[in-house]
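Topology and contacts: notes
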Amino acid sequence: MSLNTYAKFVPNVFLAKCPEPHQRGDIVTLTSKYGKETKVEIYNLVKQQDDFYFYSFVRCDGLNRQTYALKKAAHYQTVADNAQTRSEQYCDAANEGREFLSLGEPIKVGHHSERRHRALIERNAKRMDKAVEEMQKAECYEDKIPYWRERAEVIDLSMPESLAYFQVELAKAKENHQDLKDNPEKREHSYSLTYAKKKVNELAKKVELATLLWD
């Protein structure tokens with residue numbers, strides 16, 4: 001088992017905690033607390049502490065929060081489609097004896113056909129219940145898809161592209177803050193300038209962290 005493990009750095013970001021030094025581009029294996037091993041590519045040395053080296057990294061299999069979200073969206077689309085297919089199959093099966101039942105023949109109590117007639121109605125009723133159940137499952141799964149597709153568009157500090165992304169966002173935030181300072185009439189409320197400055201500070205911190213992680 002690899003001696004390289006994970007260490008939480010900031011929200012959504014883990015570092016490779018290694019007992020030995022590495023260079024950018026080195027491929028190492030990280031072991032989770034559950035014993036699962038994952039190959040990663042080393043990026044930057046973020047810090048040294050207690051005889052350990054802490055590096056930013058990307059997974060060699062390409063999995064990150066965006067690709068994970070896409071996989072989740074695809075998974076829910078698949079299970080939704082499967083549930084919809086099962087619903088349609090149950091609906092089709094519930095048509096057993098449709099021509100006979102469409103005649104509206106009453107159940108002939110005591111007749112030799114009574115048992116078959118009742119069983120047919122019961123089978124179709126159960127099939128329709130299952131059809132509704134599977135349709136509800138499909139709708140439930142489909143409701144989850146937009147969330148995961150939206151998550152697939154999110155860029156956070158765990159990704160190398162976050163540096164360029166947050167630099168652009170910081171520039172826009174600074175421009176907006178300056179615009180509000182120069183044009184008080186554009187402020188929607190008394191805290192507009194305060195909130196604009198807060199956003200600048202938050203993005204500046206993210207740029208600082210992204211630079212440390214990925215520059």
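Residues numbered from 1 in each chain as written. Predicted model: local features only at pLDDT ≥ 70, side-chain atom pairs only at ≥ 80, totals over all residues. Heavy atoms only, no water.

1. Regarding the overall build of the chain
A count of helices and strands for the chain gives 5 helices and 5 strands. Across the 215 residues that make up the chain, the buried fraction comes to 29%. Long-range contacts, defined here as pairs at least 24 residues apart, represent 59% of the contacts in the chain between residues at least 6 apart. On the chain, roughly 14300 Å² of surface is accessible, and the fraction owed to carbon and sulfur atoms is 51%. (Helix = DSSP H or I, 4+ residues; strand = E, 2+ residues; numbered from the N terminus. Buried < 20%, exposed > 50% of the residue type's maximum accessible area, 1.4 Å probe, protein only. Contact = heavy atoms within 4.5 Å. Areas by Shrake-Rupley, 256 points an atom, 1.4 Å probe, with all protein chains shown as cover.)

2. Let's talk about helix α4 (residues 162-182)
Helix length check: α4, at 21 residues, gives a terminal C-alpha distance of 30 Å against a target of 30 Å (1.5 Å per residue), a fit within 8%. Looking only at α4, the buried set comprises S162, L163, F166, E169, L170, A173, H177 and L180. Viewed end-on, α4 has its buried residues packed into an arc of 125°, placing them on one side of the element. Turned more than 90 degrees from where α4 packs its buried face, E175 and D182 sit exposed. (Expected span 1.5 Å × (residues − 1). Arc of directions from axis to C-beta.)

3. Observations regarding the nonpolar core
Counting residues in each nonpolar core, the largest one holds 18 residues, and the members touching the most others are L157 and L213. At 7 residues, helix α5 (residues 192-214) tops the list of elements feeding residues into this core. Aside from chain neighbours lying at most four places away, what touches L213 is F9, V13, L15, Y43, N44, V46, S56 and L157. Counting residues in hydrophobic clusters, the runner-up holds 8 residues, among them V28, V40, Y55 and F57. (Core = buried A, V, L, I, M, F, W, Y, C linked by side-chain atoms within 4.5 Å.)

4. Points about a negative patch on the surface
Taken together, D81, E139, E142 and D143 make up a surface patch of like negative charges. At 3 residues, the largest contribution of residues to the negative patch is made by helix α3 (residues 114-151). Among the structural elements, D143 can be located in helix α3. For D143, a relative accessible area of 61% translates into the label exposed. (Patch = residues over 30% accessible without salt bridge, like charges linked within 9 Å, V, L, I, M, F, W, Y side chains within 5 Å. Salt bridge = Lys/Arg side-chain N within 4 Å of Asp/Glu carboxyl O. Lys, Arg positive; Asp, Glu negative; His and termini not counted. Charge placed at Lys NZ, Arg CZ, Asp CG, Glu CD.)

5. Concerning the packing of aromatic side chains
In the structure shown here, the tally under the stated rule is 9 aromatic pairs. Ring geometry for Y68 versus W148: centroids 5.8 Å apart, planes at 80°, classification edge-to-face. Taken together, the residues Y68 in helix α1 (residues 65-93) and W148 in helix α3 connect sequence positions 80 residues apart. For W148, a relative accessible area of 17% translates into the label buried. Note on Y191 and Y195: the rings are 6.0 Å apart at their centroids and 25° apart in plane angle, and the pair reads as stacked. According to the relative accessible area criterion, Y191 is partly exposed, its value standing at 49%. Taken together, the aromatic side chains of Y6, F14 and F57 make up a single cluster linked through ring pairs. Here the guanidinium or amino end of K17 rests over the ring plane of F52, the centre of that ring lying 4.6 Å away. Over the aromatic face of F54 sits the side chain of K47, whose NZ or CZ is 5.0 Å from the ring centroid. (Phe/Tyr/Trp six-rings, centres within 6.5 Å; stacked < 30°, edge-to-face > 60°. Lys NZ or Arg CZ within 6 Å of the ring centre and 35° of its normal.)

6. Regarding the pairing of strand β5 (residues 52-59)
Bridge count for strand β2 (residues 13-18) against β5 is 3 bridges, and the pairing is antiparallel. Bridged to K17 within β5 is F54. Both strand β4 (residues 37-49) and β5 contribute to a ladder of 7 bridges, which runs antiparallel. Across the sheet, residue E41 finds its bridge partner in β5, namely V58. In sequence, β4 turns back onto β5 through a hairpin of 2 residues, with D50 there showing a positive phi of about 50°. (Pairing = 2+ DSSP bridges.)

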